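Structural features, examined
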Amino acid sequence: MASQFKLAPSILSADFSDLKSALTQCESGGAHWIHIDVMDNQFVPNLTIGPPVVKSLRPKTNKFLDVHMMVINPENLVESFAKAGADMITFHIEATNDVQSVIDLIKATGTQVGLSIKPSTELSEIEPFYDQLDLILVMSVEPGFGGQGFIESSIDRVRKIKVRLKELCLQDRVLIEVDGGIKLHNAKNVIDAGADVLVAGSAVFGTDDPAQTIKDFYNL
Ligand code: DX5
Ligand code: ZN
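This one's a predicted model, so the numbers in the text were calculated from it and none came from an experiment.

Overview of the environment of Val138
With respect to the helices and strands, the residue Val138 is situated in strand 6 (residues 135-139). Each C-alpha atom of the pair Val138 and Arg157 lies 7.9 Å from the other, and the pair is 19 residues apart in sequence.

Considering the coordination of the zinc ion (ligand 2)
Surrounding the zinc ion (ligand 2) are the protein donor atoms His35 (NE2), Asp37 (OD), His68 (ND1) and Asp179 (OD), which sit 2.0 to 2.3 Å from the metal. Bound by 6 donor atoms, the zinc ion (ligand 2) shows angles of 70 to 169° at the metal and therefore octahedral coordination geometry. Along the chain, the residues that donate to the zinc ion (ligand 2) are spaced as H-x1-D-x30-H-x110-D. With His35 in strand 2 (residues 33-39) and Asp179 in strand 7 (residues 175-179), the pair connects residues that are 144 residues apart, well separated along the chain.

Structural notes on the pairing of strand 7
With 4 of its 5 residues buried, strand 7 lies for the most part within the structure. Pairing geometry for strand 6 and strand 7, over 5 bridges, is parallel. Looking across to strand 7, one finds that Val138 is bridged to Val178. Examined bridge by bridge, strand 7 and strand 8 (residues 197-200) share 3 bridges and lie parallel to one another. Paired with Val178 across the bridge in strand 8 is Leu198. Considered for its hand, the β-α-β crossover made up of strand 7, helix 6 (residues 187-193) and strand 8 is right-handed.

Definitions and limits used
- Every chain is numbered independently, its residues counted from 1 as its sequence is written.
- Ligands are numbered from 1 and chains lettered from A, in the order in which they are written.
- Whole-chain, interface and lining totals are the exception, using all residues; otherwise, since this is a predicted model, local features are given only for residues with pLDDT of at least 70 and side-chain atom pairs are given and counted only at 80 or more.
- With hydrogens and water excluded, all non-hydrogen atoms of the structure serve as input to the side-chain values.
- By definition, any uninterrupted DSSP run of H or I lasting at least four residues is a helix, any uninterrupted run of E lasting at least two residues is a strand, and each is numbered from the N terminus.
- Only nitrogen, oxygen and sulfur atoms qualify as donors, provided they sit within 2.8 Å of the metal or within 3.2 Å for Na, K and Ca; with water excluded from the atoms, sites may seem incomplete.
- Square planar and octahedral assignments, for four and six donors respectively, both demand that opposite donors be over 155 degrees apart and that all other angles lie between 65 and 115; tetrahedral needs four donors with all angles between 85 and 135 degrees, and anything else is irregular.
- Throughout, exposure labels follow a simple rule: accessible area from a 1.4 Å probe, protein chains only, divided by the maximum for the residue type, with under 20% read as buried, over 50% as exposed, and the rest as partly exposed.
- Two strands are counted as paired when DSSP detects at least two bridges linking them.
- Looking down the strands as they point away from you, a crossover is right-handed if its path from the first strand over the helix to the second goes clockwise.

Structural data, given as structure tokens:
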């Protein structure tokens, strides 16, 4: 594929009893990032990973740890994830009434900051924050579970965000990440729309050879 996109396999779809192997598969496939889905059973129905797991993974890999918090009151967890070794901490705009404070808190830890937006939230909501972010995470499924179908209208949302970033001369500073339903067959469309980082969970760990699948993404 022409553009230099990054693949971020989501360990949500890996075998939780053997995360070390998931990391090894990401390493041998050449994935750039590791995507870690944090769910609190409140913002989303599911319950997954907390800071202690990130702390255990940290010494096992040099890969960029991309923490996606799907939790209410994200400010309560920022410091713990930063200390545990997260490289990027992303939270949901829908999860707090004080987006600015959470951005400031994440920045104060020295960690990169991402802001995520659910499929039905108006793009105008993120407008005030563009120039403070390292990453915008566009959800292309309803957050909560791996293995869902890609919402096609997400393509248009990615396109619109890219246009806006270009207008603001921020396209080289703020990455667009797309998360949910990404497969080998639709990845190119998402990249062409302007995505810089693709999250893939079931498309990677649901195959017999995740390392080879990661390579297949990079050889599209
Ligand atoms: C969903 C998570 C995703 C999930 C993606 O709420 O944020 O990161 O792991 O899984 P797939 O790629 O299977 O849709
Ligand atoms: Zn995610």
